[in-house]
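Examining the three-dimensional arrangement
Listed here are the chains, written in short residue letters.
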Amino acid sequence: MSLQGWVPEPGDSLTLAEVIDLAFDYRGNTTIVRVDGTEVEGYIFNRDRDVPEPFIQMFDLAGNGPFTIRYSEIRNVKFTGRDMAADNSWTAWLEAKGKGAADGRHGKEPE
Amino acid sequence: MSVPLLQMWAVASYVIKQKVRGRTRYPLVLMLEPLFRCNLACAGCGKIQYPPQILRKHLSVEECLRAVDECGAPVVSIPGGEPLLYPEIGRLVDALVARKKYVYLCTNGLLLKEKLEQGVFKPSRYLSFSIHMDGLREEHDAAVCRDGVYDKAVEAIWDAVRRGFRVTTNTTLFDGASPLRVREFFDEMVNLGVEGMMISPGYSYSKAPDQEHFLRRSKTQHLFSAILSGPKKRWKFNQSPLFLQFLMGKRDYECTPWGNPTFNIFGWQRPCYLLQDGYAESFRELMENTRWQDYGRRSGNAKCQDCMVHCGFEPTAVNETFGSWKGFRDTVLATLTGKL
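Attention in this report is confined to the structure presented alongside it. Keep in mind that this is a model prediction, so the values were computed, not measured. (Residues numbered from 1 in each chain as written. Chains lettered and ligands numbered in written order. Predicted model: local features only at pLDDT ≥ 70, side-chain atom pairs only at ≥ 80, totals over all residues. Heavy atoms only, no water.)

Structural notes on the overall build of chain A
To keep things clear, this is the line we draw: Under the DSSP-based scheme used, a helix requires at least four consecutive residues in state H or I and a strand at least two consecutive residues in state E, with every element numbered from the N terminus. Working definition: with a 1.4 Å probe on protein chains only, accessible area under 20% of the residue-type maximum means buried, over 50% means exposed, and in between means partly exposed. Residues are treated as being in contact if the distance between any of their heavy atoms lies within 4.5 Å.
Check the secondary structure of chain A and you find three helices and five strands. Order of helices (α) and strands (β) in chain A, N terminus to C terminus: α-β-β-β-β-β-α-α. Out of the 111 residues in chain A, the part that is buried amounts to 44%. Within chain A, contacts between residues at least 6 apart in sequence are counted, and of these 49% link residues at least 24 apart.

Rendered as structure tokens:
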């Protein structure tokens, strides 16, 4: 299941650190909502929560960066960009080839 | 083994030097990814799923060379993405060869013939094209989700061999692979004149399009036993025989995740080429500040349980070869007799 389009609500049941972990694992752009209300959109490629001042690193939509933002500056992360891992070439291949391709791909011997 | 003697000696003397210096963690092969962009979207690949602004980026040659110098590994592998899409690939390879690094340029082969015709590369004992081949025509084209790729890659291999380049193949196997077909594939590759072959089970990337066909550990051992039992003398593998025995279930190894460190546009990838748990800014930071105890099978990390991929276990095999008389003896025996 893709997180594309998800706007989490960090709180007691889902902490901001957990949302950031999910965003770090997400293969699409996200929108960082800062505590001052400003937003920045881009790709989060790094996060470190095991340091005195946990931070994320990201490239913006133009590819500029890396920008470092501390957790303490972040209010929320929205999953606004397309999930690139959901762009399924394998499914397309199967559809194009017919269902038999799933086994044929790996050279399965006939039963 | 089909690794040329000079290369074998370069690696052996490097490993012995590290051991004499008392280093327990040292890199063997730098995985240098100058870009993530690729001209294929393979079913088992979890590497290229990035937004457009990331796929457009690439490292400069200078950034690549800084990483190479910082790391110090004797072998540099250039995977990707597709390295032949890197606009400065010729200059990068020339600079690495000048540094006497053994370079494995990992390519799907689609652009190789064109680049050779353009004179982008010069044959060198330091340069080897490692062509991605996941089996015979039917299996390979399905693995890369495009018809015609196998034929194009075969043509590129012929051309590169004819021009005097070192050529190896790199094969990833998945659940459902037919041992018989894989053995036929080895024959075909030998007929093409490749110097050696590399084989590995695929790593179960959570982002890979096809999630159904990743091999679990016991299935891996079963499959590789069937493929490699009674290996033909003419098959040459560009790998440690101890690693191949590990794949067959004859050895129980733990992963050496720092053996093949990865550098790409995000920095030094923690902990390894396959797992992405964050990035370090320098090689030193990677080696010193990564929680290595969190990785490998014994750590209990779920992402490591079924992994038997060469980048984590080949360094373990090499370490055993040069770390114990038994390991050295077994390697020599397997190399001389061809028995696994």
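Things to note about the interface of chain B and chain A
Worth spelling out the cut-off: A simple way to read buried area is as the amount of 1.4 Å-probe accessible surface that goes missing from two parts once joined, with both sides added. The nonpolar class holds Ala, Val, Leu, Ile, Met, Phe, Trp, Tyr, Cys and Pro. Asp, Glu, Lys and Arg form the charged class, and all remaining residues, Gly among them, are polar.
Every contact between the two is made by 39 residues of chain B and, on the other side, 30 residues of chain A. Of the roughly 2900 Å² buried where chain B meets chain A, counting both sides, 54% is carbon and sulfur surface. Taken together, the elements giving at least two residues each to the side of chain B that touches chain A come down to helix H2 (52-55), helix H6 (137-143), helix H8 (179-192) and strand S9 (276-280) of chain B. Residues belonging to the side of chain B that touches chain A are distributed by class as follows: 16 nonpolar, nine polar and 14 charged.

As for the pairing of strand S5 (residues 166-173) of chain B
Residue and element names in this part refer to chain B. Cut-off, in case you're wondering: Here the rule is simple: two strands pair whenever DSSP picks up at least two bridges between them. Consider the strands pointing away from the viewer: the crossover is right-handed when the path from the first strand over the helix to the second runs clockwise.
Of all eight residues in S5, seven are buried; the element is thus mostly enclosed. With five bridges joining them, strand S4 (residues 127-132) and S5 adopt parallel strand pairing. In the strand pairing of S5, His-132 is matched with Asn-170. When S5 meets strand S6 (residues 196-201), the two strands line up parallel, connected through six bridges. Note that in S6 the partner of Asn-170 across the bridge is Met-198. Handedness of the β-α-β unit built from S5, H8 and S6 comes out right-handed.

Comments concerning the packing of helix H1 (residues 5-20) of chain B against helix H12 (residues 310-323) of chain B
When two helices pack together, their arrangement is given by the angle between their axes and by how far apart the axes lie. Residues and elements named next belong to chain B. Definition in use: Angular values range over 0 to 180 degrees, each being the angle between N-to-C directions of two axes fitted as lines to C-alpha atoms, with helices fitted over their stretch in contact. Angles below 35 degrees are treated as roughly parallel, those above 145 as roughly antiparallel, those between 65 and 115 as roughly perpendicular, and all remaining angles as oblique.
The contact between H1 and H12 brings their axes to 10 Å, and the two run at 75 degrees. Between H1 and H12, the angle falls in the class roughly perpendicular. Across the interface between the two elements, Ala-12, Val-15 and Lys-19 from H1 touch Val-318, Asn-319, Phe-322 and Gly-323 from H12. Classifying every residue of the contact of H1 with H12 gives four nonpolar, two polar and one charged.

Let's talk about the environment of Arg-70 of chain A
Residues and elements named next belong to chain A. Our working rule: In protein, a polar contact means a hydrogen-donor-capable atom and an acceptor-capable atom, both N or O and within 3.5 Å, with residues adjacent in sequence counting only if both atoms are side-chain atoms; elsewhere, any N or O pair within 3.5 Å suffices.
On the secondary structure map, Arg-70 appears in strand S4 (residues 67-70). Judged by its relative accessible area of 37%, Arg-70 falls in the partly exposed class. Looking at Arg-70, its side chain comes within polar contact range of the side chain of Glu-53, at 3.1 Å.

Thoughts on the nonpolar core
Applied cut-off: We define the nonpolar core as a collection of buried residues of types Ala, Val, Leu, Ile, Met, Phe, Trp, Tyr and Cys that are connected through side-chain atoms lying within 4.5 Å of one another.
Counting 114 residues, the largest nonpolar core has Leu-92, Phe-121, Phe-129, Phe-186, Leu-228 and Phe-266 of chain B as the members making the most contacts within it. Not counting chain neighbours up to four residues away, the residues in contact with Phe-186 of chain B comprise Met-197, Ile-199, Ile-227, Leu-228, Trp-235 and Phe-237 of chain B. Counting residues in hydrophobic clusters, the runner-up holds 17 residues, among them Ala-17, Tyr-26, Tyr-71 and Phe-79 of chain A.

A word on the sheet that holds strand S5 (residues 74-78) of chain A
Hydrogen bonds along the backbone pair up the strands of a sheet, which may run parallel or antiparallel. All names here are of chain A. Taken in spatial order, the five strands line up as S4-S3-S2-S1-S5 in an open sheet, and their pairing is antiparallel. Strands at the two margins of the open sheet, each flanked by one partner only, are S4 and S5. Adjacent strand axes in the sheet meet at a mean angle of 45 degrees, parallel and antiparallel pairs treated alike. With six bridges connecting them, strand S2 (residues 39-48) and strand S3 (residues 55-60) associate as antiparallel partners. Each residue of the ladder has a partner; that of Tyr-43, found in S3, is Phe-59. Seen against the sheet, helix H1 (residues 16-25) touches strand S1 (30-34), S2, S3 and S5 and runs at an angle of roughly 40 degrees to S5.

Quick word on a nonpolar patch on the surface
The criterion, for reference: The residues that make up patches have over 30% relative accessible area and no salt bridge, and they are joined within 9 Å when like-charged or within 5 Å when they are Val, Leu, Ile, Met, Phe, Trp or Tyr. The Shrake-Rupley method, run with a 1.4 Å probe, gives the accessible areas here. Residue values count only the displayed protein chains as cover. For salt bridges, the criterion is a side-chain nitrogen of Lys or Arg within 4 Å of an Asp or Glu carboxyl oxygen.
A cluster of nonpolar residues, Trp-325, Phe-328, Val-332 and Leu-336 of chain B, forms a patch on the protein surface that exposes about 500 Å² of accessible area. Residue placement: Trp-325 of chain B occurs in helix H13 (residues 325-337).

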